[in-house]
Amino acid sequence: MLKKLIKKFSDLNISSKIMLYYFAILILSVFFLSIAYKEINNNITNNKVMQVSNEIVININSNINSLINLVDNQSKILISSQILQEALLGGNTSNNAIYIQPMSKYLADFLNFNDFISSIYIFDTKGNEYFVDNISFKSISLHMIQSTKWYNRLLGLKGGYILEVNGGGLLENNKSNQGYVSFIRIINDINTQKPSGIMIINISESYLNKYINSAINTYTSSIILKDENGNNIIEPTNISKSLNNEIFNYIKPNNSTIKKIDGKVYIISDLKNEFGWNIISITPFNELNSQFWIYNLILLLVIIINIILLILGLLFISLFITQPIVKLVNSMKGIKDGKFEKVNIITGNDEIGMLKDVYNKMIDEIKKLIGDIINEQKIKRKLELDVMQSQIKPHFLFNSFDAISALILMGDTKNAGKIVKALGKFYRSFLINGNEEITIKEELDIIDNYLTIQKIRFGDKFKVEMDIDERTLSYRIPKLILQPLVENTLNHGIRCKEGQGIISIKALYDNDQIKLIIEDNGKGMSEEKIREIESGMSKGVGLRSTIERLKIYYNSTDIVKIYSKIDEGTKIEITIPINKEEQNDKG
């Protein structure tokens, strides 16, 4: 019997063999899949819903980390401010009043720009208090802070921060009955790095609740958040108290579990984050499971439809499509090597012919799309350049105002006037002129105004040597590519050097290119630091940003060269290609 079946199968044509072969595989596959489907589906569903529950607590943790990191960064900005440092350093019982108004204004402005902060309290070592609060004043004193359990631990962190619920007890009896997470750190003097005060930044429980709930808006999960001491930071409002208490009997640290409580199935996930907080998510299983059942139903329907289509398609594949497709594929092989060439084979007006026509049209569209992408990238690069050019360095403006204020107080109105005049010319040069390009002469004028200000500020700390070929002055370059380099040279090379520094600025003309060179005899830098800057990994903004702008603008990776040795100085060389048409115009 078996031999007869084999003989009959061997006598069939190829199309029939293909059809019978795939049909047999199909029947066997459906048979075994139907047996295993239920168990496999249950296991996958359970794993998926637990994965979703884990993702909820992970997303919440990510939101918490993001918020705390944001507060940390803003606190560092606050600590580094000159107003705060001067108040903490100079404040005492006799002259503390002179700092209250500027500190109050500064803190109020700071609070307005950071809506996630509810209040800020700052104390110097003498007990003077500076604060701003969006809700109500909290009665806090330095003595109360020094009496807390966490104070000695905070001192041991030497500038690090701790997180405490309601200030670790300081805010338990506040009038607003609002809960807070308090971000607390010691403030160190910038110059001596010795403690000069203490800062408390409060984040309201309502804001924290709203912030972390953005991670669970897809599901009706309940969230419990506890600190490292077991104190409640956030309590759920949509589950019963008995359920809340019972859930803690089933928590698995840093894991998820499925439990049936009061006749309902819940996924309970717990995550202990880096602050020691426990993030607990309670999600109804049926709600998550229903979404996966819909997914499984759709998947099953797709499989059935594909089975039907497969059976129908086998007839056409075996009889009419296989050979023509082979011919078509052979003609298309060049595309894998990046050759977008049209197919040129003889076909009829059937589907293969249509496929050939569609493919050829697709090749035309791809070529057009590649061209569009290239143009789009050019526009994108220009926009990126515009954004980088629009950035203004506020610390230079602040330092200039400080210098003007100091000169006026000393009665040196002449130099104060020079700074004001130079500062006006400096900012007018790139704020009023909306062009993204300026001439080298205009760029040198910006540098001249900048150095005028710095010369008055630092006196004989540095001198400037200029070597400018007049043929270069009329050539146009991106705005503000030399001034950041001069500023970088002064701040990181000359100011750190003992004795007088020399800044050399050159603009040299060399046939088809212009060399712009900024050089100093300052502290210099290591080869490792140079590699960081050239690779874009440096933390410094000015030099790195300028190099990136030049790379984008001139579409070249080696337009800037850096030469430096420690204690011998630094030389930055920019090679600007001269446009031939522009060169002819100059000629």
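As the structure is a computational prediction, the values presented were derived from the model and not from experiment.

> Is there a simple way to think about the overall build of the chain in this case?
Summing up its helical and strand segments, the chain has 17 helices and 17 strands in all. Within the chain, residue pairs in contact and separated by at least 24 positions form 63% of the contacts whose partners lie at least 6 positions apart. Just so you have it, the chain exposes about 34,200 Å², and 56% of that area is on carbon and sulfur atoms.

> Help me understand the side chain of Ser 75, please; the structure alone is not making it clear to me.
Locating Ser 75 in the fold gives a position in helix 2 (residues 14–80). There is a polar contact of 2.6 Å between the side chain of Ser 75 and the backbone oxygen of Asp 72. Of note is the side chain of Ser 75, whose polar atom sits 2.7 Å from the side chain of Arg 185.

> Would you take a moment to explain the packing of aromatic side chains for this structure?
To describe a pair of aromatic rings, you give the distance between the ring centres and the angle between the ring planes. Summed over the entire model, instances satisfying the criterion amount to 8 aromatic pairs. A centroid spacing of 5.5 Å and a plane angle of 10° characterise the contact between Tyr 121 and Phe 131, whose relative ring orientation is stacked. Placement of the pair is Tyr 121 in strand 1 (residues 119–124) and Phe 131 in strand 2 (residues 129–133), with a sequence separation of 10 residues. Of the residues examined, Tyr 121 reaches a relative accessible area of 0% and is grouped as buried. Pairing Tyr 207 with Tyr 211 gives two aromatic rings, centres 6.0 Å apart and planes at 20°, and the pair type is stacked. Separated by 4 residues within a single helix, Tyr 207 and Tyr 211 lie in helix 7 (residues 205–212), roughly one turn from each other.

> I tried to follow the sheet that holds strand 3 (residues 161–165) on my own but got confused; where do I start?
Note: strands within a sheet are paired through backbone hydrogen bonds, in either parallel or antiparallel orientation. Strand order in the open sheet made by the 5 strands is 2-1-5-4-3, with antiparallel pairing throughout. Edge positions in the sheet fall to strand 2 and strand 3, since each has one partner strand and no second. Taken pair by pair, the neighbouring strands of this sheet meet at an average axis angle of 15°, ignoring direction. Note that strand 4 (residues 180–188) and strand 5 (residues 195–204) share 9 bridges and pair antiparallel. Bridging across to strand 5, Tyr 180 finds its partner in Ser 204.

> Hey, could you run me through unusual backbone geometry in this one?
Most peptide bonds adopt trans geometry, and most residues besides glycine take a negative phi value. A positive phi angle, close to 60°, is found at Gln 193, a residue other than glycine. The topology assignment puts Gln 193 in the loop between strand 4 and strand 5.

> Which parts of the structure should I look at to understand the sheet that holds strand 16 (residues 560–565)?
Read from one edge to the other, the open sheet built from 5 strands follows the order 12-14-15-17-16, with strand pairing classed as mixed. Lying at the two open borders of the sheet, with one neighbouring strand each, are strand 12 (462–468) and strand 16. Strand after strand, the sheet turns through a mean of 10° between neighbouring axes, direction not considered. Direction of pairing for strand 15 (residues 513–520) relative to strand 17 (residues 569–577): antiparallel, over a ladder of 8 bridges. Among the inter-strand pairings, Lys 515 is bridged to a residue of strand 17, identified as Thr 575.

> Help me understand the packing of helix 13 (residues 440–458) against helix 14 (residues 483–494) in this model?
Pairs of packed helices are described in terms of their axes, by the angle between the two and the distance that separates them. Packing of helix 13 against helix 14 leaves a shortest axis separation of 9 Å and a crossing angle of 25°. For the element pair helix 13 / helix 14, the angle class is roughly parallel. With respect to the hand of their crossing, helix 13 and helix 14 are arranged in right-handed fashion. Along its contact with helix 13, which presents Glu 443, Ile 446, Ile 447, Tyr 450, Leu 451, Gln 454 and Phe 458, the element helix 14 presents Gln 483, Val 486, Glu 487 and Leu 490.

> Looking at this structure, how should I read the pattern of salt bridges?
Oppositely charged side chains may form a pair once their charged atoms are brought near each other. Applying the stated criterion across every chain, the model contains 12 salt bridges. When the shortest N-O distance is used, the salt bridge between Arg 185 and Asp 72 registers 2.6 Å. Note that Arg 185 is positioned in strand 4 and Asp 72 in helix 2, a separation of 113 residues in sequence. For the pair Arg 185 and Asp 72, a shared accessibility class is recorded, and that class is buried. When the shortest N-O distance is used, the salt bridge between Asp 133 and Lys 138 registers 2.8 Å. Taken as a pair, Asp 133 and Lys 138 share a single burial class, namely buried. Among the charged side chains, a salt-bridge network with shared partners connects Asp 72, Lys 76 and Arg 185.

> Explain the confidence of the model for the chain here, please?
Low pLDDT marks stretches whose predicted atomic positions should not be read closely. Per-residue pLDDT for the chain averages 78, and the proportion of residues at 70 or more is 74%. For the chain, helix 17 (residues 580–586) is the element with the lowest average pLDDT, namely 51, and strand 15 is the one with the highest, namely 93.

> What is the right way to look at the side chain of Asn 488 in this model?
Topologically, Asn 488 is positioned in helix 14. Asn 488 sits in the buried class, given a relative accessible area of 18%. Every residue in contact with Asn 488, bar those within four places of it in the chain, is listed here: Gly 493 and Leu 543.

> I would appreciate a short explanation of the packing of helix 3 (residues 82–90) against helix 4 (residues 97–112) in the present structure.
Taken N-terminus to C-terminus, the directions of helix 3 and helix 4 make an angle of 145°; their axes are 10 Å apart at the nearest point. Read as a crossing pair, helix 3 and helix 4 show a hand that is left-handed. Within the contact between the two elements, helix 3 uses Ile 83, Leu 84, Glu 86, Ala 87 and Gly 90 and helix 4 uses Tyr 99, Pro 102, Met 103 and Tyr 106.

> Explain the nonpolar core here, please?
In summary, soluble globular proteins display a tendency toward joint burial of nonpolar side chains. Within the largest apolar cluster, 41 residues are counted, with the highest numbers of intra-cluster contacts made by Ile 64, Ile 120, Ile 122 and Leu 225. Here this core gets 9 residues from one element, more than from any other, and that element is helix 2. Ile 122 has contacts with Leu 78, Leu 84, Leu 88, Met 103, Leu 107, Asn 128, Glu 129, Tyr 130, Ile 187, Ile 198 and Met 199, leaving out every residue within four places of it along the chain. Judged by nonpolar contacts, the second largest core, of 38 residues, contains Leu 480, Met 525, Leu 550 and Val 560.

Rules used in this analysis
Within each chain, residues carry numbers counting from 1 in the order of the written sequence. Given that this is a predicted model, residues contribute local features only at a pLDDT of at least 70 and side-chain atom pairs are listed and counted only at 80 or more, while totals for whole chains, interfaces and linings are drawn from all residues. Side-chain numbers come from the whole structure's heavy atoms, not from hydrogens or water. Comment: elements are numbered from the N terminus, with helices defined as DSSP H or I runs of at least four residues and strands as E runs of at least two. Two residues form a contact once any of their heavy atoms are found within 4.5 Å. Each accessible area is a Shrake-Rupley estimate made with a 1.4 Å probe; only the visible protein chains count as cover when residues are assessed. Between N or O atoms, a polar contact is any pair within 3.5 Å; within protein, one atom must be a potential hydrogen donor and the other a potential acceptor, and residues adjacent in sequence are included only when both atoms are from side chains. Only rings of Phe, Tyr and Trp enter the pairing, Trp through its six-membered ring, and a pair is recorded when the two centres are within 6.5 Å. The plane angle decides the type: under 30 degrees is stacked, over 60 is edge-to-face, the rest tilted. In this scheme, a residue with accessible area under 20% of its type's maximum is buried, one over 50% is exposed, and one in between is partly exposed, where area comes from a 1.4 Å probe on protein chains only. Two strands qualify as a pair provided that DSSP identifies no fewer than 2 bridges between them. What counts as an axis is a line fitted to C-alpha atoms, over the stretch in contact for a helix, and the angles between N-to-C directions run from 0 to 180 degrees. Under this scheme an angle from 65 to 115 degrees is roughly perpendicular, one under 35 degrees roughly parallel, and one over 145 degrees roughly antiparallel; angles in between are oblique. Whether a crossing is left-handed or right-handed is set by the direction in which the near helix is turned from the far one by less than a right angle, anticlockwise for left-handed and clockwise for right-handed. A pair is scored as a salt bridge if a Lys or Arg side-chain nitrogen falls within 4 Å of a carboxyl oxygen belonging to Asp or Glu. pLDDT gives the predictor's per-residue confidence on a scale running from 0 to 100. Residues belong to a common nonpolar core when they are buried Ala, Val, Leu, Ile, Met, Phe, Trp, Tyr or Cys residues joined through side-chain atoms within 4.5 Å.

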